[in-house]
Amino acid sequence: MNRAQFLRLGIAAAAGAGVLAAPAAAALPVPKPQGDDVGYLSFGAVAELTSLAWYRAALRVRGFSAGERRRLTAAATAKRAHIQRINTALGADALQPGDFAANFPASSLVSRGRAIGVGREVEDLLVGVYLNGAAFARDSATRLLIGRLLAYDAQQLAWLRGLTGGLAGAGLASPATLEQAGARLDALVTTPSFTNS
């Protein structure tokens, strides 16, 4: 038996057992976040907004190749779509324009290496929280959305690590609580819509 025959045999067996999933074109379930699910998605919205701002800012930093700039541009487009998906799932709790804005230290964008460090930090926060949400979100459709976001951001984190010669992955990622990640994210955002009283 050659490899092609072996693979066909496996596919036929899976189909016969009803293991194969529905067609990819089937509609995905609509997230209905419950309890802490809202916290995972709310954090995701703010961190994705911060990430979007970073990808846009990184395009103004010298030292990125043309191919890297294409990847940065594509990631910014994806991040915008992620925010829209999360806001749709959050409904009335959606992030509003002006609620938060990225606030990167000026020194963090003076070189390619420093800029990548900030990008890695934000992607690491997203991966940690999404990993936690994928495990513990109560609504299965919300878990699926978080898992899809996790898959994307894990790829981006690996790419950013590779840009500076680091390993794409050094073992298993660790989940982060909303409190842990929120404290780190606070250093990179401002809340312009809230005035001091």
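For the structure, see preceding data.
The shown structure was predicted, so the numbers you read here are calculated from the model rather than taken from an experiment.

Undergrad: Account for the overall build of the protein chain, with residues named and values stated.
TA: A count of helices and strands for the protein chain gives six helices and two strands. Order of helices (α) and strands (β) in the protein chain, N terminus to C terminus: α-α-α-β-α-α-α-β. In the protein chain, which comprises 197 residues, the proportion classed as buried is 36%. Within the protein chain, contacts between residues at least 6 apart in sequence are counted, and of these 81% link residues at least 24 apart. For the protein chain, the accessible area works out to roughly 11,100 Å², and carbon and sulfur atoms hold 58% of it.

Undergrad: Describe the pattern of salt bridges, listing the residues and the values that go with them.
TA: According to the stated counting rule, one finds six salt bridges in the structure shown. The salt bridge partner of Glu-123 is Lys-79, with a shortest N-O separation of 3.1 Å. Remark: Lys-79 occurs in helix 3 (residues 66–90) and Glu-123 occurs in helix 4 (residues 112–136); sequence separation between them is 44 residues. For the pair formed by Glu-123 and Lys-79, the shared burial category is buried. A salt bridge links Arg-184 to Asp-124; the shortest N-O distance between them is 3.1 Å.

Rules used throughout
- Residues numbered from 1 in each chain as written.
- Predicted model: local features only at pLDDT ≥ 70, side-chain atom pairs only at ≥ 80, totals over all residues.
- Heavy atoms only, no water.
- Helix = DSSP H or I, 4+ residues; strand = E, 2+ residues; numbered from the N terminus.
- Buried < 20%, exposed > 50% of the residue type's maximum accessible area, 1.4 Å probe, protein only.
- Contact = heavy atoms within 4.5 Å.
- Areas by Shrake-Rupley, 256 points an atom, 1.4 Å probe, with all protein chains shown as cover.
- Salt bridge = Lys/Arg side-chain N within 4 Å of Asp/Glu carboxyl O.

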